[in-house]
Amino acid sequence: MFRTILMLLFWAAALPFAALLGIPWTYLTKDITFLYRTCMGAAFNGVRIAGVKVRTLGLEKLDPARTYIFMSNHISNLDPPITLPLIPRRTSVMVKKELFRVPILGPIMLMGSLVPVDRKNRDSGITAVRDALKAIQQGLNMTIYVEGHRSFDGKLLPFKKGPFYLAEACNVPVVPITISGTEDVMPKARFAIRPGMVTVQFHDPIEPSDFGERDCLMTKVRAAINNGLPVELRE
């Protein structure tokens, strides 16, 4: 519990600092790079303060000059602060709309071109896909937790269809990501973080020419993510 509180205190101090320096700088320069890097650094270092070690696999498969859609499983609230800082270049991400109401955090996410999603509203989901397409067309990567919700036990939930409509529309490579370990470090419904090792595996990019039909692409992404899970959690 102590480490969890320490992480939250670090984030509580880092976020206003990032906002105080980064937001005015962004408005003056029209460049969000400093604000983005500050936030990503704070997110990742906060997790490390909590005693979480991160092992990364497969990053060498990615070309930093290219734009990708990253599709990941989702087990824990720690998944975004661990995964997003690892992605080469800047990434947008689909985020539940409630977080955009949080003071300081909400405006920062809007400046970073993050995409709000209302999970209960189908029309909002269509709008989110359109907003994500705009972000990709600006040259940003997009990161999507394709299950839409966190898994209680670390096993894969059914995938949402929206990310695969997006992949078809924007014609950029899809990179499946498997996160494992956060189901032990901080599972859903538990507040305290337990020190431990988390693995983030970046699988081979799936090129648009290899997508096939939408359901075929979904099957390929699911198979890749599933194969990266611990044996006891695989389908």
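Scroll up to find the structure.
Here's a quick rundown of the structure. Keep in mind that this is a model prediction, so the values were computed, not measured.

**As for the state of the cysteines**
For the coordinates displayed, the defined rule picks out zero disulfides. Left unpaired, Cys170 is separated from the closest cysteine sulfur, that of Cys216, by 17 Å.

**A word on the sheet that holds strand 2 (residues 69-72)**
Pairing in this open sheet of seven strands is mixed, and the strands run 1-7-6-2-5-3-4 from one edge to the other. Edge positions in the sheet fall to strand 1 (52-57) and strand 4 (115-117), since each of these pairs with one other strand and no more. On average, each strand axis in the sheet is inclined to that of its neighbour by 25 degrees, with strand direction left out of account. Across four bridges, strand 6 (residues 174-180) lies against strand 7 (residues 196-202) in antiparallel orientation. By the bridge assignment for strand 7, Thr178 is matched with Gln201. Along the sheet, helix 6 (residues 162-170) contacts strand 2, strand 3 (91-96), strand 5 (141-145) and strand 6; its crossing angle with strand 2, the most-contacted strand, is approximately 160 degrees. Contacting strand 2, strand 6 and strand 7, helix 8 (residues 214-228) crosses the sheet at an angle of about 30 degrees to strand 6.

**Examining unusual backbone geometry**
Positive phi, close to 65 degrees, is recorded for Arg89, a residue that is not glycine. If you check the backbone angles, Asn171 has positive phi at about 60 degrees while not being a glycine. Turning to its location among the elements, Asn171 is positioned in the loop between helix 6 and strand 6.

**Notes on the side chain of Arg222**
Position of Arg222 among the secondary structure elements: in helix 8. A distance of 2.9 Å separates a polar atom in the side chain of Arg222 from the backbone oxygen of Leu157. Apart from the residues lying within four places of it in its own chain, the contact partners of Arg222 are Leu156, Leu157, Pro158, Phe159 and Glu235.

**As for the packing of helix 6 against helix 8**
For the pair helix 6 and helix 8, the least separation of the axes is 10 Å and the interaxial angle reads 115 degrees. In terms of orientation, helix 6 lies roughly perpendicular with respect to helix 8. In this structure, helix 6 crosses over helix 8, and the sense of that crossing is right-handed. Here helix 6 contributes Phe164, Tyr165, Ala167 and Glu168 to the contact with helix 8, which in turn contributes Arg214, Leu217, Met218 and Val221.

Calculation criteria
Residues numbered from 1 in each chain as written. Predicted model: local features only at pLDDT ≥ 70, side-chain atom pairs only at ≥ 80, totals over all residues. Heavy atoms only, no water. Disulfide = S-S within 2.5 Å. Pairing = 2+ DSSP bridges. Helix = DSSP H or I, 4+ residues; strand = E, 2+ residues; numbered from the N terminus. Axes fitted to C-alpha atoms, helices over the stretch in contact; angles between N-to-C directions. Contact = heavy atoms within 4.5 Å. Polar contact = N/O pair within 3.5 Å; in protein donor to acceptor, adjacent residues only side chain to side chain. Parallel < 35°, antiparallel > 145°, perpendicular 65-115°, else oblique. Left-handed = near helix turned anticlockwise from the far one by under 90°.

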